[in-house]
Amino acid sequence: MLNSAAQSLNTTTSLLKSRASKYAVYGVMIAFICIIIATLMVAHLEDRTITLDSIMKAQKNNFALWVLDFMPFIFALWGQYVSSIIAFQAGAEIIDQTSDLRAQTAVLEEKASHEATHDSLTDLPNRILLHDRLQQALSAAQRQKDKVAILIMDLDHFKEINDTLGHFNGDIILKQVATRLQGTIRDLDSVARLGGDEFAVLLPKVYGGQDAVMVAKKMQQALKPSFQISGLNLDVNASIGIAVFPEHGNDLDTLMQRAEVAMYAAKKEKAGYLSYSRQLDQYSPKRLTLMSELRQAIEQRQLLVYYQPKVEIKSRKVVELEALVRWPHPEHGLLPPDEFIPMAERTGLIKPLTFLVADEALKQLAAWTRDGHDLKVTINVSARVLLDPGFPDTLIGLLAAYRIEPGRLMLEITETTIMVDQERAMEVLQRLKEVKVRLSIDDFGTGYSSLAYLKQLPVHELKIDKSFVMNMDHNHDDAVIVKIIIELGHQLGLEITAEGVESESILSQLDALGCDIAQGYLISKPLPAGELMVLLDKYSWEINH
Ligand code: C2E
Ligand code: MG
Ligand code: MG
């Protein structure tokens, strides 16, 4: 590059020189012509004729012609001098501009290479740079018989945080996570952002897996203090998967994939962090191939709706059935909603999915009603669907088509669903209230809604999250939380359902606390409509006739 610049500089300088010299030549020529004309005129004036003798005589005797004879030399010298100066000035300018350009190019090149290898939000190295560093670390470790560890970390429920507080605040959290993670590592190590809420830490030199576990603990510790966003104190948890060279793999792809598998396992098991082992392979994510299959399954109405009874505790009567979707997958068997609902939410498939469940559940309810059962159904509705302005009308259309009173349909929404866009949620909820569709706040106690806000919502029911209910007979804190939610709900004039009721002792504890409705494996697991009716007829849980 330098050579070509020098070459073009030379060409330009000589070109400029040649142009300038050309004008000097013109000057000399004009001077010669002037000398000739002046000599001829002098010869003619003095001798009245123009001959060689008269010309020679004029040149010999006329002082003015002598002066004139010097002109070509003066022009030549002056022209050459000026042209050289111009050429060198231009040359110098070109040199300046070229070095400026060169400096700018270097800055741009550096910027482009930084952008290509760094994440724009957090300025951490991105996946490309991490892979590069991991590859280098593996080559060095192979030579020196060292160990390398890679940790992959994914934030838990980050999508909900993002939906609830908006992408702007989600980005702030990601930046803060990046800063906190950087504080947990040595200079030698690297933190990278792999994309979304996934980060990685590379430890290029460790003595064994224990070192990586220590770093994973430090990372968890760093996330412990609440994040303060928009006046809220948010707890952000993460799941970390660890893979170590050479125990868990010899090459980059295997190590990355195994750290990811360990991370999924840690998430599923709520373990915080896990090191890879063969037993964890069952957790490897199938979600990528599932995406297109889910679209097809919805289009071909292959999804199933199971129903789980909700029982009035006082009368032990089944009053309501919660519709819960299932996907009978040809390879993976019957998939529970947790394995595909988050994906459906991300891809927008949640709308046709919810429509399918609502359509199926209302059709089934119409059939039960025809058979003389006095039942209601509830369906789960995610933020993306609830906030769709067309949603209330879709429901009204379905209710009319199956001739079902709107009061027999309840929608379960989570606290976070409402917080995504409070104003719009409030409008939709009001509209649903006007048409008399009932509303329940699902998984209550796990979200971030404020009590003051809850008071304004047109809801009918609070459903206590199963994580508090399931252990309330062993865990005093859980029992206190359940008690408080029941009291609070009743104060606000709401019905209270407890989900996750697995034992008689919990049911009687809930009864004593005045809880209205129970749902859980003690009564029945979610079942297909046909099986559920057989079971309910057989056992003592009375169906409302
Ligand atoms: P959810 O609405 O909180 O549903 C209750 C979940 O708790 C169900 O899991 C149910 O099987 C489970 N459960 C009920 N009783 C017990 C119990 O006694 N012990 C235990 N351990 N678990 C119990 P499921 O069916 O896997 O559904 C999980 C979640 O998937 C649901 O949580 C709901 O948020 C979502 N979901 C299910 N169907 C739909 C749907 O059609 N649309 C949307 N948007 N979400 C759905
Ligand atoms: Mg529910
Ligand atoms: Mg729930």
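Residues numbered from 1 in each chain as written. Chains lettered and ligands numbered in written order. Predicted model: local features only at pLDDT ≥ 70, side-chain atom pairs only at ≥ 80, totals over all residues. Heavy atoms only, no water.

(A) Seen up close, the pairing of strand 11 (residues 376–380). In this sheet, strand 11 lies alongside strand 9 (residues 317–329) in parallel orientation, the contact comprising 4 bridges. Residue alanine 323 lies in a different strand from strand 11, and its bridge partner there is isoleucine 379. Strand direction decides the pairing type here: strand 11 and strand 12 (residues 409–414), joined by 4 bridges, are parallel. In the sheet register, threonine 378 faces strand 12, and the bridge partner there is methionine 410. (Pairing = 2+ DSSP bridges. Helix = DSSP H or I, 4+ residues; strand = E, 2+ residues; numbered from the N terminus.)

(B) Spotlight on the coordination of the magnesium ion (ligand 3). Taken together, Asp442 (OD), Asp443 (OD), Glu499 (OE) and Glu499 (OE) make up the protein donors of the magnesium ion (ligand 3), found 2.0 to 2.4 Å from the metal. Mapped onto the sequence, the residues coordinating the magnesium ion (ligand 3) show the spacing D-D-x55-E. (Donors = N, O, S within 2.8 Å, 3.2 Å for Na, K, Ca; no water.)

(C) How the structure looks around the packing of helix 10 (residues 350–370) against helix 12 (residues 391–401). Where helix 10 contacts helix 12, the two axes come as close as 10 Å, and the packing angle between them is 25°. Relative to helix 12, the element helix 10 is oriented roughly parallel. The chirality of how helix 10 crosses helix 12 is right-handed. For the pair helix 10 and helix 12, the contacting residues are Thr354, Phe355, Ala358, Asp359 and Leu362 in the first and Phe391, Thr394, Leu395, Leu398 and Leu399 in the second. When its residues are assigned to classes, the contact of helix 10 with helix 12 shows 7 nonpolar, 2 polar and 1 charged. (Axes fitted to C-alpha atoms, helices over the stretch in contact; angles between N-to-C directions. Parallel < 35°, antiparallel > 145°, perpendicular 65-115°, else oblique. Left-handed = near helix turned anticlockwise from the far one by under 90°. Contact = heavy atoms within 4.5 Å. Nonpolar A, V, L, I, M, F, W, Y, C, P; charged D, E, K, R; others polar.)

(D) Structural view of the layout of surface pockets. Within this model, the second largest pocket holds a volume of roughly 230 Å³. Arg186, Lys205, Val206, Tyr207 and Asp211 are, among the 13 residues lining the second largest pocket, the residues nearest its centre. In terms of residue count, the dominant contributor to the lining of the second largest pocket is helix 6 (residues 209–223) (4 residues). (1 Å grid on protein atoms, 1.4 Å probe; cavity = no way out; pocket = protein on both sides within 12 Å on 5 of 7 lines; lining within 4 Å. Points joined across faces, edges and corners; volume = space filled by probe spheres on them.)

(E) Geometry of the environment of cysteine 34. As for its position among the elements, cysteine 34 is in helix 1 (residues 2–47). A residue is classified by how much of its surface remains accessible, and cysteine 34, at 37% relative accessible area, is partly exposed. Between the C-alpha atoms of cysteine 34 and leucine 68, which are 34 residues apart in sequence, the distance is 8.0 Å. (Buried < 20%, exposed > 50% of the residue type's maximum accessible area, 1.4 Å probe, protein only.)

(F) Quick look at the coordination of the magnesium ion (ligand 2). For the magnesium ion (ligand 2), the full set of protein donor atoms is Glu322 (OE), Asn380 (OD1), Glu412 (OE) and Asp442 (OD), at a range of 2.0 to 2.2 Å. One chain supplies every donor to the magnesium ion (ligand 2), and in sequence these donors are spaced E-x57-N-x31-E-x29-D. For the pair the magnesium ion (ligand 2) and the magnesium ion (ligand 3), the metal-to-metal distance amounts to 4.1 Å, and aspartate 442 bridges them. Of this pair, glutamate 322 sits in strand 9 while glutamate 412 sits in strand 12, and the two are 90 residues apart along the sequence. Judged by relative accessible area, glutamate 322 falls into the buried class, the value being 4%. Judged by relative accessible area, glutamate 412 falls into the buried class, the value being 1%.

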